[in-house]
Amino acid sequence: MMDNLRTAANGPVLKIVLALIILTFLVTGVTGYLSSESGSYAAKVNGQTISRAQLEQAFQREKNAMQERLGDEFSTLLSNEQAVQQFRRNSLNQLVDITLIEQYARKLGLSASDEQVAQEIRNLPFLRTDDKFDNKKYQDYLDLLARSNMSPDVFAEQIRQELINRQLRQILINSEIALPTEVKQEAALRFQERTVRLATLELKSIEAQQKVTDEELKNYYDANSKNFAVPEKVKISYIKMDAADELKNVTVSDADIEKYYNDNLSKYTKSEQKKYSFIQLASDSAAKSVLDELNKGAEFSQLASEKSTDKFSAQKGGDLGWMEENSLPNEIKTANLTQKGQLSNVVKLSNGYAIFRLDDIKPQVVKPLEDLRSEIEKIVKQEKAVDAFFSLQRKVSDAAANDNESLAAAEKAAGYQAVTTDWFDRDHVPADINFSQVVQAIFSGNLLDDKGSTGINSDVISVEGDRAFIVRVDDVKPETVQPFEQAKTEIAELVKRQKAEKQLQVESEKLLAALKEGKGEQALEAAGIQFAQPTVVQRMGQTNQATDMAFTLPHPKEGKVEYGLAQDELGNAVLIQLDKVTPGSITDEQLKQYTTNYQYQTGNNMMESLIINLRDNADIKFGQIE
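So, here is what we can say about the structure in this document. Here the structure is a predicted model, which means the values were calculated and not measured. (Residues numbered from 1 in each chain as written. Predicted model: local features only at pLDDT ≥ 70, side-chain atom pairs only at ≥ 80, totals over all residues. Heavy atoms only, no water.)

**As for the sheet that holds strand 9 (residues 273-281)**
Spatially, 10-9-12-11 is the arrangement adopted by the 4 strands of the open sheet, whose pairing is antiparallel. The open sheet has two edge strands with one neighbour each: strand 10 (319-324) and strand 11 (347-349). Between one strand axis and the next, the sheet turns by 40 degrees as a mean value, whatever way the strands run. Pairing of strand 9 with strand 12 (residues 352-362), which is carried by 9 bridges, proceeds in the antiparallel orientation. Opposite Q280, over in strand 12, you have A354 as the bridge partner. Of the strands in this sheet, strand 9 and strand 12 touch helix 15 (residues 284-295), which is tilted by about 35 degrees from strand 12. (Pairing = 2+ DSSP bridges. Helix = DSSP H or I, 4+ residues; strand = E, 2+ residues; numbered from the N terminus. Axes fitted to C-alpha atoms, helices over the stretch in contact; angles between N-to-C directions. Contact = heavy atoms within 4.5 Å.)

**Notes on the sheet that holds strand 2 (residues 48-51)**
Spatial strand order, 2-1-24: 3 strands in an open sheet with antiparallel pairing. Looking along the sheet, the strands with just one partner apiece sit at the ends: strand 2 and strand 24 (620-622). Strand-to-strand twist across the sheet, computed as the mean angle between neighbouring axes with direction ignored, equals 15 degrees. Two elements, strand 1 (residues 41-45) and strand 2, share 4 bridges in a ladder whose sense is antiparallel. If you follow K44 over to strand 2, its bridge partner there is T49.

**Here's the deal with the environment of A409**
Position of A409 among the secondary structure elements: in helix 20 (residues 408-414). Overall, the relative accessible area of 25% leaves A409 in the partly exposed class. When residues no more than four places from it in sequence are discounted, the contact partners of A409 are A399 and D403. (Buried < 20%, exposed > 50% of the residue type's maximum accessible area, 1.4 Å probe, protein only.)

**Overview of the pairing of strand 7 (residues 233-242)**
For strand 7, the tally of buried residues reaches 7 of 10 residues, placing the bulk of the element in the interior. Taken together, the 10 bridges between strand 7 and strand 19 (residues 467-477) define a ladder with antiparallel strand orientation. From the neighbouring strand, M241 faces strand 19, where its bridge partner is A468. Here strand 7 pairs with strand 14 (residues 419-420) via 2 bridges, running antiparallel. Opposite S237, over in strand 14, you have T420 as the bridge partner.

**Digging into the packing of aromatic side chains**
Two measures describe an aromatic ring pair: the distance that separates the ring centres and the angle between the ring planes. Under the criterion given, the structure shown has 12 aromatic pairs. Seen from their ring centres, Y221 and F484 are 5.4 Å apart, and the 65 degrees between their planes marks the pair as edge-to-face. Placement of the pair is Y221 in helix 12 (residues 214-223) and F484 in helix 22 (residues 484-516), with a sequence separation of 263 residues. Judged by its relative accessible area of 11%, Y221 falls in the buried class. The interplanar angle of 55 degrees and the centroid separation of 5.7 Å between the aromatic rings of F389 and F390 together place this pair among those described as tilted. Classification of F389 as buried rests on a relative accessible area of 1%. Exposure remark for F390: the relative accessible area of 12% places this residue in the buried category. An aromatic cluster of three or more residues is present, and its members are F126, Y141 and F155. Across from the ring centre of F484, 6.0 Å away, lies the NZ or CZ of K218, which sits over that ring. (Phe/Tyr/Trp six-rings, centres within 6.5 Å; stacked < 30°, edge-to-face > 60°. Lys NZ or Arg CZ within 6 Å of the ring centre and 35° of its normal.)

Quick look at the structure:
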């Protein structure tokens, strides 16, 4: 399918039907936000740069959005350094995917006009009141975005990208045909209902019955003594460098702002756009006949509606929309239309003949510096802070390396004193340094050996949030094993649970066998459990292991039931009695909605496949992101 899509993208038909009916990206679009160069970069995608400053902006916006969604729970997430690191990497991967899609869409000639973006924003449900666009809600939303460091232009470009993704998704969907019977069968399966009854054999009740001996506990301790180790502990000194501190000291002059503006003028320039219409005919003679009618004063849109063989544009009177010079296919370029209302001669296409008309012209527009000053000031300030931060790292790193006997020289280079910690182990690292890179450097790097501290300074350790550390291990307490008597209570709980799990498995499998042999009633009574009342479950949205298992059981035969066994999230054994399977039945309206969702999901899956394909064939270089 992917090869077919690439082949179609290079053909003139797709250029006419797709590339001409919509605008290319504005120069101020996603390309502009992902292409500025700075002293360092987060990634390069086929030569297109994603700077560290841009990654930081995207990361902060996503972080602020997550904080809005999670509220107080966000602080818990933020304290998990690994989760934050992964979140940061996800932000970069999203920027890479956006760049790849934008590059691919540009090859296809796909874009979205200002009018389409504006209409999409007006149609957003959360910006409407009584089914009408609410400008106050829009202004309030822009204020919310501003608090997340997102300008209206960036918001508009996100909308534009979604529109383009939608076009791509539609192309992908149209390349794969889902037969109505196939969709109906899939829907019937998804909406299938099963009537089940459940009986639970609790692990906790069996665990409470367990008895253990000192011999069992000692044997467990001897076999698993490494699990009761008192971990190695260290005291360290460290110097922390933070880009946020550099940001406070950065000043931006008018000259800096003007230089950035002039260097990136293309980002703030909207190229000249022209609006075209066309009429496509099957033969040269038919095209010449229509051209004669037009030259005699016939209405272009009426002839396009009546005679154009391109049905898509014919529905709109031949309208192809606005486009920029760099998105024009050769067929229009050769027409050389320069004045409003000008008609082309008959133009040969790969699948017929056409007459083009230049309907209107929008001149090039350059956003004035004064409208952008505050936005550019933030960008320049952040880039200067990042550069100053890396300059500080180099200076402190050189000092720490040149005087490896202590952190004194590094302290002087940094301009502040190192922090000294109390004792801690790998699992109880002080919050200020609790980053995987720092922990790795302390416990698994060259700062320790089998004799204790090596007495050297670490290299610069960069972590998420544009922070960096120089670390030195001052003292070490080697790992020891917890004495048996201290670990005895914990071991007792572990041994009881192990014995209970084995007993539960045996008893639940015996009960299942008894049920299948028709002796279940007496067996359940002896176990002190019984099946609950029947409940109807659907396949869609099931995440419970027991009900998931119910959908793997065969259909009950007439007058019979089927039995199964599962384990719930607490480790309990759950016996399942499947009484009845009811095929999914949906109305025509539900089927229509399901078909739409099915196609949308198909488009998403194929979009994911496209991104994987683009990544496999792209030149992606990752820089320093933490």
